[in-house]
Amino acid sequence: MATRYLCDNRHVKIGLLAGDTDRFSTYQDGYRRALFQAGLKYNENLLAQSFEATEGQKQLTRLLDMGVTSLLCTDIEAASLVYQYAHQNKLRIPEDLSVILVEGIPSSVFSPSLTHIEYPFSELAQQSLQQLRRLIYKSSDIPERVSLAVSVEECGSTSVPSGSRGKKIVVVGDLSTDITLSVPTMPHVGSVECVSQKSVTVGGRAANQAICASWLGGNVSVVGRLGDDKEGKLIHETLINNNVDVQG
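Thresholds, definitions, all that
Residues numbered from 1 in each chain as written. Predicted model: local features only at pLDDT ≥ 70, side-chain atom pairs only at ≥ 80, totals over all residues. Heavy atoms only, no water. 1 Å grid on protein atoms, 1.4 Å probe; cavity = no way out; pocket = protein on both sides within 12 Å on 5 of 7 lines; lining within 4 Å. Points joined across faces, edges and corners; volume = space filled by probe spheres on them. Helix = DSSP H or I, 4+ residues; strand = E, 2+ residues; numbered from the N terminus. Nonpolar A, V, L, I, M, F, W, Y, C, P; charged D, E, K, R; others polar. Phe/Tyr/Trp six-rings, centres within 6.5 Å; stacked < 30°, edge-to-face > 60°. Buried < 20%, exposed > 50% of the residue type's maximum accessible area, 1.4 Å probe, protein only. Lys NZ or Arg CZ within 6 Å of the ring centre and 35° of its normal. Pairing = 2+ DSSP bridges. Axes fitted to C-alpha atoms, helices over the stretch in contact; angles between N-to-C directions.

*Asks:* I'd like to hear about the layout of surface pockets, residue by residue, with values.
*Replies:* For the largest pocket, the calculated volume is near 760 Å³. In terms of lining residues, the largest pocket is bounded by 36 residues, among which Ile93, Pro94, Glu95, Pro112 and Gln247 are the most central. Broken down by secondary-structure element, the contributors of at least two residues to the lining of the largest pocket are α4 (76-88), β7 (168-172), β10 (219-223) and α7 (230-241). By residue number, the principal contributor to the lining of the largest pocket is α7, which donates five residues. Tallied by class, residues from the lining of the largest pocket come to 15 nonpolar, twelve polar and nine charged. There is about 360 Å³ of room inside the second largest pocket. Lining the second largest pocket are 19 residues, and of these Met1, Ala2, Tyr27, Gly30 and Val102 lie nearest its centre.

Here it is as structure tokens:
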């Protein structure tokens, strides 16, 4: 799923970086299968397994020299190594390198936030308890298999590779939020109406144009001013999720 996600975002040179794990062959099989389904050639040289930082730095240098635009990290240790390497070598995530985590729960120390595979642990626990209850009370309807949905949690560490994007576009202007209030009828002078629904969405001419240009395949950067409040963080996160460069 992680490899397919990167393929869907137009990455063709995807590296696989594994930490200290005995499941490397399992990750390798899934990686190879997803590349085959996407019509991409499997290259064993784009795989790396590291057990300590110095060797990991060498492996990352080798992968990037081969033109890798995205990295599949099997665990938190591998992802931490990539972020550290990017910081030391002035690489921007995700503009210069996309990163996705296969297993583990990323902490808030990752900046930008780490895109990862989201596992339904809470639902798994609930289903397990229900199965146990059925077994204890010898229920007649005990399913042999229960399927739970796994998904990609999009954060801020993946993007379309710069070489695959359109012309560079810089949008300068206002970034704001639109507040929409739904009422049964238009209020008039002296009347009181009750709001049935309220929604807050990202707006402003610059934000709207930047997101739309990105949807059309542009390599978009936006320059504007945000407040350090809930609305500012919403705008910032929305722009990142729509592959807009927010360095400005």
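Once you've had a look at it, read on.
*Asks:* Requested: an account of the packing of aromatic side chains, with residues and values cited.
*Replies:* This model, assessed by the stated rule, comprises three aromatic pairs. Centroid distance tyrosine 31 to tyrosine 42: 6.1 Å. Interplanar angle 70 degrees. Geometry classified as edge-to-face. Here tyrosine 31, found in helix α2 (residues 24-37), pairs with tyrosine 42, found in the loop between α2 and β2 (47-49); they are eleven residues apart in sequence, far enough to count as distant. Their ring planes at 40 degrees and their centres at 5.9 Å tell us that tyrosine 119 and phenylalanine 121 sit as a pair that is tilted. Tyrosine 119 gets classed as partly exposed once you look at its relative accessible area, which sits at 26%. Over the ring of tyrosine 42 we find arginine 32; its NZ or CZ atom is 4.2 Å from the centre of that ring.

*Asks:* Which residues make up the sheet that holds strand β6 (residues 151-153), and what values go with them?
*Replies:* Taken together, six strands build an open sheet; the order of strands is β2-β1-β3-β4-β5-β6 and the sheet is mixed. Strands with a single pairing partner mark the edges of an open sheet, and in this sheet they are β2 and β6. Mean inter-strand twist for the sheet, computed between neighbouring axes without regard to direction, equals 25 degrees. Strand direction decides the pairing type here: strand β5 (residues 115-118) and β6, joined by three bridges, are antiparallel. When the sheet's bridge partners are listed, glutamate 118 is paired in β6 with serine 151.

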